[in-house]
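Listed here are the chains, written in short residue letters.
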Amino acid sequence: MFGLGTKNIGIDLGTANTLVYVDGKGIVLREPSVVARNNHSDEIVAVGDEAEAMIGRAPASIDVIRPMRDGVIADYDTTVAMLKYYIEKALGGRGSKPYVMVCVPSGITTVEKRAVIDATRVAGARDAYVIEEPFAAAIGAGLPVMDPTGSMVVDIGGGTTDVATISLGGIVSSRSVRMAGDKLDDSIVSYIRKNYNLLIGTPTAEKLKVKIGSASMDAAKKLGNETVRGRDLLTGLPRAAEVSAEAVAAAIHDDLQEIITTIKETLESTSPEISADVVDHGIVLTGGGALIQNLADIISDETQVPVTVAQDPLDCVAKGTGESLKSIEVMQKK
C-alpha cells in the first residue's frame, strides 16, 4: 500500500491563503500564502500568519512576498520554501514523504502545472499530482460530480475565478479569469485613493470588502459606513475617513460584472442537456468571494438560474482536494 507510515495530504495552494488537508484528519492548517525573506542572505524569516503581519511594516532588509500570483507560481524558490514549511508543519515534522494532491486553476498552462508539481516534489513530496480547482470545489461542496447529471460551480478565490460545468467525473466546459479577491481589493484601494484622497493598504481594503462589501448598490445603502486609516495624499500625514458601503459597492462593481460575464459565457458554451440540469439544480458559489453580500442574488438575476452559496465556501477546494486523495492510485496509473 502506498504512503505507508505517513499521511498523504491535499493542498489548496491559493494566491491569498494555503489550506492543508491531511488524510484522516481533515483540514489541519490554513495560513496566508505569504513569505518574509531576508534580501541580503535569502534566509526565510517567516511564513504564513507571522509573515502576513509584516506586510507594510517590515524593514528594508526584509522582503514580504506573496509567491503565488493569479493562481500560479510567480516566485519558484519562495513557493518551494513555503510548501516545505507547510508540509512539515501539517505532518508534525516527522514521517516519510507524503503523496501530495495540489489544486490548480482550470485555465493554467501545462508549463505552469508542471511548475507546481516540481515545486511540491522539491518541497518534500514523494510525488505530486494536480486537480483543477473547480472540480475540487465541486467535490468539497458535495455536488454529485460522478453522476450523469450536470452541476455548475463558481470558485471565486484570491487570484482567479474558475467557472465550470461538471458531469460524469469530469469538467464539461470551463472558464478561468484572473479576476477575484485580490483584484477587488486593488479596486477598493484605487477608488479610495481617487475619491477620498486617502492611500490605504491592501489589508485595509480587504477588511472593507469583508465587512461592508456588497454586490448590490441598493443593499449597500443599508450597510452603513466603516472607518479606515491611511495616508492623506495632500498632506502626507495619517488620516482617518468614513467610507460608505455604497462606495465599496461602486469600487467592485465592474470587477463583479466581469465575473458574471464569465459565468454567462460558460453557460452559453454548455450543451442543452447540461444547461437543463443547471437550471434544475442551480449554480453553487465557493471560495472567499462567495461571501460578498448579495452576490448570489445578483448572479441569479443576471443568469435567470438559482444560485446558492456552498456551506463553508472557504474550505470547499481544500476538502475536495483532500477527498481526491482516495483516488490517488488512479492518478499514479496515468
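Quick notes on the rules
- Residues numbered from 1 in each chain as written.
- Predicted model: local features only at pLDDT ≥ 70, side-chain atom pairs only at ≥ 80, totals over all residues.
- Heavy atoms only, no water.
- UniProt positions renumbered as here; feature names shortened; annotations may be inferred.
- Domains from an automatic or database assignment.
- Contact = heavy atoms within 4.5 Å.
- Buried area = accessible area lost by both parts, 1.4 Å probe.
- Polar contact = N/O pair within 3.5 Å; in protein donor to acceptor, adjacent residues only side chain to side chain.
- Helix = DSSP H or I, 4+ residues; strand = E, 2+ residues; numbered from the N terminus.
- Nonpolar A, V, L, I, M, F, W, Y, C, P; charged D, E, K, R; others polar.
- Patch = residues over 30% accessible without salt bridge, like charges linked within 9 Å, V, L, I, M, F, W, Y side chains within 5 Å.
- Areas by Shrake-Rupley, 256 points an atom, 1.4 Å probe, with all protein chains shown as cover.
- Salt bridge = Lys/Arg side-chain N within 4 Å of Asp/Glu carboxyl O.
- Lys, Arg positive; Asp, Glu negative; His and termini not counted.
- Charge placed at Lys NZ, Arg CZ, Asp CG, Glu CD.
- Pairing = 2+ DSSP bridges.
- Axes fitted to C-alpha atoms, helices over the stretch in contact; angles between N-to-C directions.
- Core = buried A, V, L, I, M, F, W, Y, C linked by side-chain atoms within 4.5 Å.
- Buried < 20%, exposed > 50% of the residue type's maximum accessible area, 1.4 Å probe, protein only.
- Expected span 1.5 Å × (residues − 1).

For the protein, the name recorded in an unreviewed UniProt entry is Cell shape-determining protein MreB, with Fructilactobacillus florum 8D as its organism. Under the Function (unreviewed entry) heading, UniProt states for the protein: "Forms membrane-associated dynamic filaments that are essential for cell shape determination. Acts by regulating cell wall synthesis and cell elongation, and thus cell shape. A feedback loop between cell geometry and MreB localization may maintain elongated cell shape by targeting cell wall growth to regions of negative cell wall curvature." As stated in UniProt under Sequence similarities (unreviewed entry), the record for the protein gives "Belongs to the FtsA/MreB family."

Student: Please clarify how the domain arrangement of the protein should be interpreted in this entry.
Tutor: Buried accessible area, meaning the area lost when the parts come together, often serves as the stated size of an interface. Domain boundaries assigned for the protein yield domain 1 (9-135 + 317-332), domain 2 (143-179 + 253-313) and domain 3 (181-252). Each of domain 2 and domain 3 has a C-alpha centre, and the two are 27 Å apart. Taken together, the twelve residues of domain 2 in the interface contact 17 residues of domain 3. Both sides together, the interface formed by domain 2 and domain 3 hides about 1200 Å², and carbon and sulfur atoms give 55% of it. It is His253, Asp255 and Gln293 in domain 2 that bury the most area against domain 3; as a group they hold 41% of the surface buried on that side. On the surface where domain 2 and domain 3 come into contact, there are twelve residue pairs in polar contact (both at pLDDT 80 or more). When contributions to the side of domain 2 that touches domain 3 are tallied by element, the ones reaching two or more residues are α8 (245-268) and α10 (295-303). A per-element tally of the side of domain 2 that touches domain 3 places α8 first, with four residues. Partitioned by chemical class, the residues of the side of domain 2 that touches domain 3 number five nonpolar, five polar and two charged.

Student: What am I meant to see in a negative patch on the surface here?
Tutor: A cluster of like negative charges, contributed by Asp49, Glu50, Glu52 and Glu206, occupies part of the molecular surface. It is helix α1 (residues 49-52) that provides the largest number of residues to the negative patch, a total of three residues. With respect to the helices, strands and loops of the structure, Asp49 is situated in helix α1.

Student: What is the right way to look at the sheet that holds strand β4 (residues 35-38) in this model?
Tutor: Within a sheet, each strand pairs with its neighbour through backbone hydrogen bonds, oriented either parallel or antiparallel. Here three strands make up an open sheet; going across it, the order is β5-β4-β6 and the pairing antiparallel. In the strand order of this sheet, the two ends are held by β5 (44-47) and β6 (62-65), each with one partner. Between one strand axis and the next, the sheet turns by 20 degrees as a mean value, whatever way the strands run. Strands in contact with helix α2 (residues 76-90) are β4, β5 and β6; relative to β5, the strand with the most contacts, it is inclined by about 55 degrees.

Student: Is there a simple way to think about the sheet that holds strand β15 (residues 225-232) in this case?
Tutor: Read across the sheet, three strands follow the order β14-β15-β16 without closing on themselves; strand pairing throughout is antiparallel. The open sheet has two edge strands, β14 (198-199) and β16 (238-244), and neither has a second partner. Bridge analysis of β14 against β15 gives two bridges, and the strand direction is antiparallel. Following the sheet pairing, Leu199 is matched in β15 by Arg231. Each of β14 and β16 is contacted by helix α5 (residues 181-196), which is oriented at about 105 degrees to β16, the strand it contacts most. Sheet contacts for α8: β15 and β16; angle to β16, the most-contacted strand, approximately 85 degrees.

Student: It is not clear to me how the nonpolar core should be interpreted in this structure. Could you clarify?
Tutor: The tendency in soluble globular proteins is for nonpolar side chains to be buried side by side. Among the nonpolar cores identified, the biggest contains 44 residues, and Ile263, Ile283 and Leu285 are the most heavily contacted of them. Elements represented by at least two residues in this core include exactly β11 (151-156), α5, α6 (202-212), β16, α8, α9 (272-281), β17 (283-286) and α10. A domain split of this core shows at least three residues from each of domain 2 (143-179 + 253-313) and domain 3 (181-252). Once residues lying within four places of it in the same chain are set aside, the contact partners of Leu285 are Val154, Ala290, Leu295, Ala296, Ile299, Val307, Thr308, Val309, Ala310 and Pro313. Residues Leu13, Val100, Val116 and Ala119 belong to the second largest nonpolar core, which totals 29 residues.

Student: For this particular structure, what's the right way to read the side chain of Thr160?
Tutor: By the element assignment, Thr160 lies in the loop between β11 and β12 (161-167). Under the relative-accessibility criterion, Thr160 is labelled buried at 4%. Engagement of the side chain of Thr160 in a polar contact is seen with the side chain of Asp162, the distance being 3.2 Å. If we skip the residues at most four places from it in the chain, Thr160 touches Asp70, Gly71, Pro105, Glu133, Asp155, Ser176, Val177, Arg178, Met179 and Ala180.

Student: I keep staring at α2 and nothing clicks. Help me out?
Tutor: Residues lying three or four places apart along an α-helix face the same way, a consequence of the helix completing one turn every 3.6 residues. Between the first and last C-alpha of α2 there are 21 Å, a value that for 15 residues agrees with the 21 Å anticipated at 1.5 Å per step. Considered for burial, the residues of α2 that qualify are Thr78, Thr79, Val80, Met82, Leu83, Tyr86, Ile87 and Ala90. Two or three places before Asp77, at the opening of α2, Asp75 has a side-chain oxygen 3.5 Å from that residue's backbone nitrogen. Downstream of α2 by one or two residues, Gly92 has phi in the positive range, about 75 degrees.

Student: Is there a simple way to explain a nonpolar patch on the surface in this structure?
Tutor: Taken together, the side chains of Leu291, Val309 and Leu314 make up a nonpolar region of the molecular surface, amounting to roughly 260 Å² of accessible area. Along the polypeptide, Val309 turns up in strand β18 (residues 307-309).

Student: Looking at this structure, I do not really get the environment of Gly320. What am I missing?
Tutor: Inspection of the secondary structure puts Gly320 in helix α11 (residues 316-323). Between the alpha carbons of Gly320 and Val72 there is a distance of 19 Å; along the sequence they are 248 residues apart. Those residues in contact with Gly320 that lie beyond four places of it in its chain are Ala136, Ile139 and Gly140.

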